[in-house]
Amino acid sequence: MDETTPAALIRPGRLVENRPLAENTRLMVIDCPEVAASARPGQFVKVRAWPETADPLLDRPFSIHRLSGGRLELLFRVVGPATEIMAAGQPGDTLKITGPLGCGLNSPADYDRGLYLVGGGIGLAPLAFVRDSLPSQSAARLFYGERCGALQVDQAWLKTWAGDFEAACEDGLGYGEKGLVTAPLARALAREVKPVFACGPSPMLAAVTELAEKFGAPCLVSLEAGMACGLGVCLTCSLPLKNGGRLKVCQNGPVVDGLAVDWAGVR
Amino acid sequence: MKSPDLSVKLGPLTLKNPVMTASGTFGYGLELKDFCPPELLGAVITKGVSLTPWPGNPSPRMKETTGGLINAIGLENMGVEAFIEKALPQLKATGATVAANILGHSPDDYGRLAARLAETDVDLIEVNVSCPNVACGGLSFGASPKMVGEVAALVAENCGGKPFMVKLTPQTADVVEVALAAQEAGAAAVSLINTIPAMAVDLDRRRPSLANVVGGLSGPAIKPVALRQVWQCASALSIPVVGIGGIRTAGDALEFILVGATAVEVGTATLVDPGAPLKIIEGIRQWMLREGMDDLSQLRGGLKI
C-alpha cells in the first residue's frame with residue numbers, strides 16, 4: 001500500500017435511496033459525483049447526516065460499498081445514535097460527505113487470478129467495490145460469515161453483486177453452513193491458493209491472516225478503528241504493527257497487509 | 001467602514017488573528033493545509049513533541065461521549081529532532097506563525113526541549129504541563145503551582161528569550177495559583193484548559209472503553225468549565241490568557257474573549273471539520289463588522305457583572 005491517495009474533498013451528497021437488507025443493515029445510495037469520481041476500491045468516506053452543531057459530535061466513517069453510475073453506495077449497520085439517524089434518512093436529504101479517504105486496493109490488476117473475498121458481518125461493505133475492480137470477477141469468490149441468521153443480508157441481493165458465494169452462520173439459523181467463515185475459506189485455500197482480501201471484526205481478521213499465512217497466500221485486510229478526524233492528524237485510529245511501529249488506519253489503511261498487523265494489540 | 005483588525009498581541013508576538021490550533025488536532029501543521037492553510041491562522045500549535053519519539057497508548061484510544069470525546073492517545077509523537085528536521089522547515093515556509101508544543105516526563109526534559117527549540121525559528125513554545133511527572137509517582141506537573149513554577153523557570157532559562165506559554169490542566173485545586181506560578185516564572189502567556197480527566201465504560205463487555213482505562217474529555221461538553229477557568233485566570237493575571245475548550249463557532253471564541261481571553265485555540269472542532277478554524281476567523285470578522293467593532297480589545301474582558 002502506498003500513501004499516494006487522491007485528495008479528500010468535503011462535498012454535499014444527495015441521498016437517493018436508503019433501504020433495509022437485513023435486521024439493522026441498510027444500503028444507502030448517495031449522489032456525490034466529485035467524491036465518487038476519484039474513489040478507489042477499499043477507500044472510505046466520512047458521513048454526517050445531522051447538523052454540524054448537533055450530537056453526535058463526530059462524522060462517521062464507512063467503507064465505499066460500491067460505485068453505481070457515479071453514485072456512492074454505503075452498506076451500514078445500525079449500531080448507535082449516528083446510524084439510527086442515517087437509517088431514518090429520506091431520498092432527497094443532504095448529507096455531508098468527506099472523502100475519498102485512506103489507502104484502498106491500489107493495484108487491482110495484480111489480482112488477475114482472482115481473490116478470496118472474506119466478509120464478516122458488516123465487513124461485507126467494501127467487498128463489492130473490490131470485486132468490481134478485478135480484471136476477472138468470475139475468479140473472485142465471496143465467503144460471508146455472520147453471527148446469527150437474523151443479521152444475514154438478503155441472499156438474492158448478495159447474489160446480484162457476489163455471484164456464487166459461501167456463507168457461514170454461527171448460530172446455524174440462517175443460510176449457509178453452521179460455524180465460522182474460516183471453515184469454508186480453509187477448504188478453498190486447501191483446493192487452490194489465492195490471495196485473500198478480508199474485512200470484519202478483528203478476531204476474524206486475525207484468524208483469516210493466520211490461515212492465509214499457513215497456506216502461503218497473501219492476505220489483505222480492511223481494518224476498522226474508532227476514528228475522529230479520518231485525515232491523519234488525531235492518531236485515535238492508530239494500531240500496532242509487528243515491527244514495533246504503528247499505522248494510522250485512516251491514512252496508511254484501512255487496507256493493509258494482514259501479516260504486518262500486531263493482532264494481539266488490536267481490540 | 002474599515003475592515004476590522006483581528007490582530008492580537010501575545011506577549012512580544014503579534015498574531016494576525018486570535019485563532020490558533022490546539023495541539024494534537026492539526027498534526028505538525030501541514031496535514032490539513034488543503035482545508036485550512038496554516039498561514040491564515042493566528043498561529044499553528046503543532047503536535048506536542050518530546051525529546052525522543054513516544055509510541056503512545058494501546059488501542060482503542062478514543063470514545064465519543066455526549067457533546068465530546070475522550071481520548072487517550074498517550075502523546076504519540078515523532079520527537080523534537082524529527083520535528084525540527086522534517087516538519088518545521090516546511091511549515092515555516094508557508095509563512096505560518098508556529099508555536100511548538102512540548103512534553104516531558106521530568107523538569108529537565110522541558111529545559112532541554114526549550115534549549116533545542118531556542119535554536120530554531122519557532123515563534124512560540126507552548127509547554128504542556130499535564131504530563132505525568134515520573135519522579136513524583138506520575139502526578140501531573142500541572143497539578144501544583146510549585147511544579148509548574150519549576151518547569152516554567154527551566155523553560156525560561158533555556159529558551160533563549162523566545163516567548164513561551166504554559167498550557168494548564170483544569171485538574172488543580174486552584175487554577176489561578178498555578179497560572180500565577182507560570183506568570184512569575186516568566187511565561188508570556190498561559191493557555192487553558194487542557195482536557196478534563198474522564199472515563200467511559202462498555203457495559204456489555206464489562207470493560208473500559210479505552211485501553212488506557214482513562215483519558216481526557218474535549219469538545220463542546222467542556223466549554224462551560226473552560227470559560228469559568230479562563231475568566232478566573234484572566235481576572236487575576238497580567239499576562240495574556242488563551243482560551244481553549246469546546247470552541248466550534250465564532251460565537252464560542254468571542255465568549256472566551258469577552259471573559260478576558262486574548263486569543264483562543266480550536267481543537268476538537270477541527271477533527272469534525274478541518275476548515276473550522278477558518279470559519280471561526282471569518283465569523284469573528286463578520287461579527288465585528290455587524291457590531292461596528294474595529295479592534296478586539298473593545299470586547300476583551302468586557303463582561304458586565
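Residues numbered from 1 in each chain as written. Chains lettered and ligands numbered in written order. Predicted model: local features only at pLDDT ≥ 70, side-chain atom pairs only at ≥ 80, totals over all residues. Heavy atoms only, no water.

1. A few points about helix H6 (residues 202-215) of chain A
For an α-helix, the turn length of 3.6 residues means that residues three or four places apart are oriented alike. All names here are of chain A. Note the cut-off: Only DSSP runs of H or I with at least four residues qualify as helices, and only runs of E with at least two residues qualify as strands; both kinds are numbered from the N terminus onward. Here the expected length of a helix is defined as 1.5 Å per residue gap, with one fewer gap than residues. Only protein chains enter the accessibility calculation, which uses a 1.4 Å probe; a residue is then buried when its area is under 20% of its type maximum, exposed when over 50%, and partly exposed in between. Note: the arc covers the axis-to-C-beta directions of the helix. Contacts between residues were defined by any pair of non-hydrogen atoms, one from each residue, lying within 4.5 Å.
Across its 14 residues, H6 extends 20 Å between first and last C-alpha, which sits within 8% of the 20 Å expected from 1.5 Å per residue. Looking at H6, one finds that the buried residues are Met-204, Leu-205, Val-208, Thr-209, Leu-211 and Ala-212. All buried residues of H6 project into a common sector of 165° when viewed along the axis, lining one side. Relative to its buried face, H6 has exposed residues pointing more than 90 degrees away, namely Pro-203, Glu-210 and Lys-214. Residues of H6 that are buried make contact with strand S8 (116-120), helix H5 (182-191), strand S12 (196-199) and strand S13 (219-222). Looking at the residues trailing H6, positive phi occurs at Gly-216, about 70°.

2. Points about the packing of aromatic side chains
Residues and elements named next belong to chain A. Applied cut-off: Each Phe, Tyr or Trp ring (for Trp, its six-membered ring) is paired with any other whose centre lies within 6.5 Å, and the angle between the two planes then decides the class: stacked below 30 degrees, edge-to-face above 60, tilted in between.
Scanning all chains against the criterion turns up 7 aromatic pairs over all chains. On the numbers, 5.5 Å between centres and 80° between planes, the contact of Tyr-116 with Phe-143 is edge-to-face. Here Tyr-116, found in strand S8, pairs with Phe-143, found in strand S9 (residues 141-146); they are 27 residues apart in sequence, far enough to count as distant. The same class applies to Tyr-116 and to Phe-143, which are both buried. Relative to Trp-161, the ring of Trp-157 has its centre 6.0 Å away and its plane inclined at 70°; by these criteria the two rings are edge-to-face.

3. Notes on the interface of chain A and chain B
Put simply, the test is: When two parts are brought into contact, each loses some accessible area as probed by a 1.4 Å sphere; the total of that loss over both is the buried area. Salt bridges are defined as contacts in which a side-chain nitrogen from Lys or Arg sits within 4 Å of a carboxyl oxygen from Asp or Glu. Whenever two N or O atoms come within 3.5 Å, that pair is a polar contact, provided that in protein one can donate a hydrogen and the other can accept it, and provided that, for residues adjacent in sequence, both atoms are side-chain atoms. Gly falls in the polar group here, along with every residue not listed as nonpolar (Ala, Val, Leu, Ile, Met, Phe, Trp, Tyr, Cys, Pro) or charged (Asp, Glu, Lys, Arg).
Listed per partner, the contact involves 28 residues of chain A and 35 residues of chain B. Summing both partners gives a buried area of about 2500 Å² for chain A against chain B, and 59% of it is carried by carbon and sulfur. Of all residues in chain A, Leu57(A), Val233(A) and Arg267(A) give up the largest surface area on contact with chain B, accounting jointly for 32% of the area buried on that side. Inspection of the chain A/chain B interface yields 2 salt bridges. Two residues, Glu64(B) and Arg60(A), come together in a salt bridge whose shortest N-O distance is 2.9 Å. Linking chain A to chain B there are 13 residue pairs in polar contact (both at pLDDT 80 or more). Counting only elements with at least two residues in the side of chain A that touches chain B, the list comes to strand S3 (44-48) and strand S14 (238-240) of chain A. Ranked by residue count, the leading element in the side of chain A that touches chain B is S14(A), at 3 residues. Among the residues making up the side of chain A that touches chain B, the classes are represented as 14 nonpolar, 5 polar and 9 charged.

4. What to know about helix H6 (residues 250-258) of chain B
For H6(B), the complete set of buried residues consists of Ala250(B), Asp252(B), Ala253(B), Leu254(B), Phe256(B) and Ile257(B). Immediately beyond the C-terminal end of H6(B), within one or two residues, lies Gly260(B), with a positive phi of roughly 125°.

5. Section: the nonpolar core
Our working definition: By convention a nonpolar core is built from buried Ala, Val, Leu, Ile, Met, Phe, Trp, Tyr and Cys residues, the set being connected through side-chain atoms within 4.5 Å.
In terms of nonpolar packing, the biggest core is built from 143 residues, with Val196(A), Leu223(A), Phe83(B), Val166(B), Val190(B) and Ile284(B) touching the most fellow members. For Val166(B), the residues in contact, after removing those within four places along its chain, are Val127(B), Val129(B), Val148(B), Ala152(B), Ala182(B), Ala187(B), Ala189(B), Val190(B) and Ser191(B). Counting residues in hydrophobic clusters, the runner-up holds 28 residues, among them Leu105(A), Tyr111(A), Tyr144(A) and Leu220(A).

6. Re the sheet that holds S8(A)
Within a sheet, adjacent strands bond to each other through the backbone by hydrogen bonds, running parallel or antiparallel. Residues and elements named next belong to chain A. Stated formally: DSSP-based pairing: two strands are paired if at least 2 bridges between them are found. To obtain each axis, a line is fitted to C-alpha atoms, and for helices this fit is confined to the stretch in contact; angles are then taken between N-to-C directions over 0 to 180 degrees.
Judged by pairing direction, the sheet is mixed, and its 7 strands sit side by side in the order S11-S10-S9-S8-S12-S13-S16 without closing on themselves. Two strands close off the open sheet at either side, each with one partner strand: strand S11 (177-178) and strand S16 (255-257). Judged from the 5 bridges that link them, S8 and S9 form a sheet pairing that is parallel. The partner of Leu-117 across the bridge, within S9, is Leu-142. Across the sheet, helix H4 (residues 155-162) touches S9 and strand S10 (165-169), and the angle it forms with S9 is around 150°.

7. Digging into the side chain of Glu76(B)
Topologically, Glu76(B) is positioned in the loop between strand S6 (68-71) and helix H1 (80-93). A polar side-chain atom of Glu76(B) sits 3.4 Å from a polar atom in the side chain of Ser238(A). Apart from residues no more than four positions distant in its own chain, Glu76(B) is found in contact with Leu235(A), Ser238(A), Arg246(A), Lys47(B), Trp54(B), Pro55(B), Gly56(B) and Arg61(B).

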